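# Observations on the three-dimensional arrangement
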Amino acid sequence: GLSGTWLWTLSSFFIGASSVVQTFVAQSHGAGEERLCGAWAWQGIGGAVPLAVLASVALYFGADAFVASIVDDEAIIGLAGSYLRARAFGLVGLTAAVAISSFFRGIGDARTPLIATVVANAVNVVLALGLVYGWFGFPALGVLGAGIATSVAEWIYLAIVLFALLRPTVRARFDTRGRRPRLDAVARLWRVGLPVGGQWVIEMLAFSLFMTLVARMGDAALAASHAFGQLASLSFMVAAGIGTATATLVGRFIGA
């Protein structure tokens, strides 16, 4: 709970920046320039993934030191550090997947990211049960296993949306063939993405600081707070989905 919240805070900058691919795709789609839509997915990957790689490496090697700087409970430090290292492997895959998912949402296809999410979560559940408890012939790795399961699921999510992006029908209509990033396009993405990523970081920072304070009250209080936070997220995720749909429609009308 502690390291997962901080991980999302640190990674939300890249993920928030990648999500603005949706804006540019929606505008191109609304303008009737469908052949320009596919390029924005690759510009988003080229603009955000290199930074995500650097952050992933820093997280992997600095996990224990980072956790030790915010809590002093040795039991929590060991568990949170191992989980954070395991989750660092999934950061790059998730960042790229968000850029591609934003392409699909930009063209009004919310179903493809939904299917990818359902499959990835199903894999996450099976792998987590196996790697945490040693079920299905997997080794019992505890919290470390939970982190590995989620990272694998994030790469599977990327594989699914990438496969969908390169389907012949999608490729023919939106020109989604792979291409190198262009500096001018990446610069446009970052001009919009920097405020978005910054806003996400600021919002998540409040949750992370709260979780850090709770962690100093003990592991039981930390576990209870995290569990309730996960349940509470069910309430505002509906509004977040409506907000995503609104962004697509606004972008489409601007393009038109």
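This is a predicted model, so every value here is computed, not measured. (Residues numbered from 1 in each chain as written. Predicted model: local features only at pLDDT ≥ 70, side-chain atom pairs only at ≥ 80, totals over all residues. Heavy atoms only, no water.)

### As for the overall build of the protein
- Looking only at helices and strands, the protein has 10 helices and zero strands in total.
- Reading the secondary structure of the protein in the N-to-C direction produces α-α-α-α-α-α-α-α-α-α.
- Whereas a compact globule of 256 residues would reach a radius of gyration of roughly 18 Å, the protein reaches 19 Å, a difference of no more than 12%.
- Among the 256 residues that make up the protein, the fraction classed as buried is 44%.
- Look at the contacts in the protein between residues 6 or more apart in sequence, and 78% of them connect residues 24 or more apart.
- Accessible surface for the protein amounts to roughly 12,800 Å². Of this, 71% is attributable to carbon and sulfur atoms.
- Here the protein holds 16 positive side-chain charges and 12 negative ones, and the gap between their average locations is 15 Å. (Helix = DSSP H or I, 4+ residues; strand = E, 2+ residues; numbered from the N terminus. Rg over C-alpha atoms; globule rule 2.2 N^0.38 Å. Buried < 20%, exposed > 50% of the residue type's maximum accessible area, 1.4 Å probe, protein only. Contact = heavy atoms within 4.5 Å. Areas by Shrake-Rupley, 256 points an atom, 1.4 Å probe, with all protein chains shown as cover. Lys, Arg positive; Asp, Glu negative; His and termini not counted. Charge placed at Lys NZ, Arg CZ, Asp CG, Glu CD.)

### Let's talk about the side chain of S18
- Relative to the assigned elements, S18 resides in helix α1 (residues 2-19).
- Looking at S18, the relative accessible area reads 1%, which means it is buried.
- Those residues within four positions of S18 in sequence are excluded, and the remaining contacts are G44, A48, T95, V98, A99 and S102.

### Side note on unusual backbone geometry
- In this structure, F136 takes a positive phi of about 55° despite not being glycine.
- The topology assignment puts F136 in the loop between α6 (111-133) and α7 (143-165).
- At D175, a residue that is not glycine, the phi angle is positive and equals roughly 55°.
- Structurally, D175 is set in the loop between α8 (168-174) and α9 (183-215).
- Overall, the relative accessible area of 10% leaves D175 in the buried class.

### Quick notes on the packing of aromatic side chains
- Overall, the coordinates contain 11 aromatic pairs when judged by the stated rule.
- Plain terms: the ring middles of W6 and F66 are 5.4 Å apart, the flat faces sit at 80° to each other, and that makes the pair edge-to-face. Remark: F66 occurs in helix α3 (residues 37-70) and W6 occurs in helix α1; sequence separation between them is 60 residues.
- The exposure class assigned to W6 is buried, which follows from its relative accessible area of 10%.
- Ring plane angle 35° and centroid distance 6.5 Å describe the contact between W8 and W200, whose orientation is recorded as tilted. Taken together, the residues W8 in helix α1 and W200 in helix α9 connect sequence positions 192 residues apart. (Phe/Tyr/Trp six-rings, centres within 6.5 Å; stacked < 30°, edge-to-face > 60°.)

### With respect to helix α2 (residues 21-30)
- Burial analysis of α2 places seven of its 10 residues in the buried class, which makes it a mostly covered element.
- Within α2 the residues assigned to the buried category are V21, Q22, F24, V25, A26, S28 and H29.
- The inward-facing, buried residues of α2 abut α1, α3, α5 (91-106), α8, α9 and α10 (219-255).
- Count one or two residues on from α2 and you reach G32, which has phi positive near 80°.

### Re the environment of G198
- For G198, the location among the structural elements is in helix α9.
- Residues G198 and F236, 38 residues apart in the sequence, show an inter-C-alpha distance of 20 Å.

### Brief notes about the pattern of salt bridges
- Using the criterion set out here, one finds six salt bridges in the structure.
- R173 serves as the salt-bridge partner of E34, at 2.8 Å between the closest nitrogen and oxygen. On the criterion of sequence distance, the pair formed by E34 in the loop between α2 and α3 and R173 in helix α8 is long-range, its members being 139 residues apart.
- For E34, a relative accessible area of 23% translates into the label partly exposed.
- Of the charged contacts, one joins D64 and R85 as a salt bridge, the two residues approaching to 2.9 Å between their closest N and O atoms. You can see D64 sitting in helix α3 and its partner R85 sitting in helix α4 (residues 74-88), a full 21 residues away along the chain.
- Assessed through its relative accessible area of 36%, D64 is described here as partly exposed.
- Residue class for R85 comes out partly exposed when judged on its relative accessible area of 24%. (Salt bridge = Lys/Arg side-chain N within 4 Å of Asp/Glu carboxyl O.)

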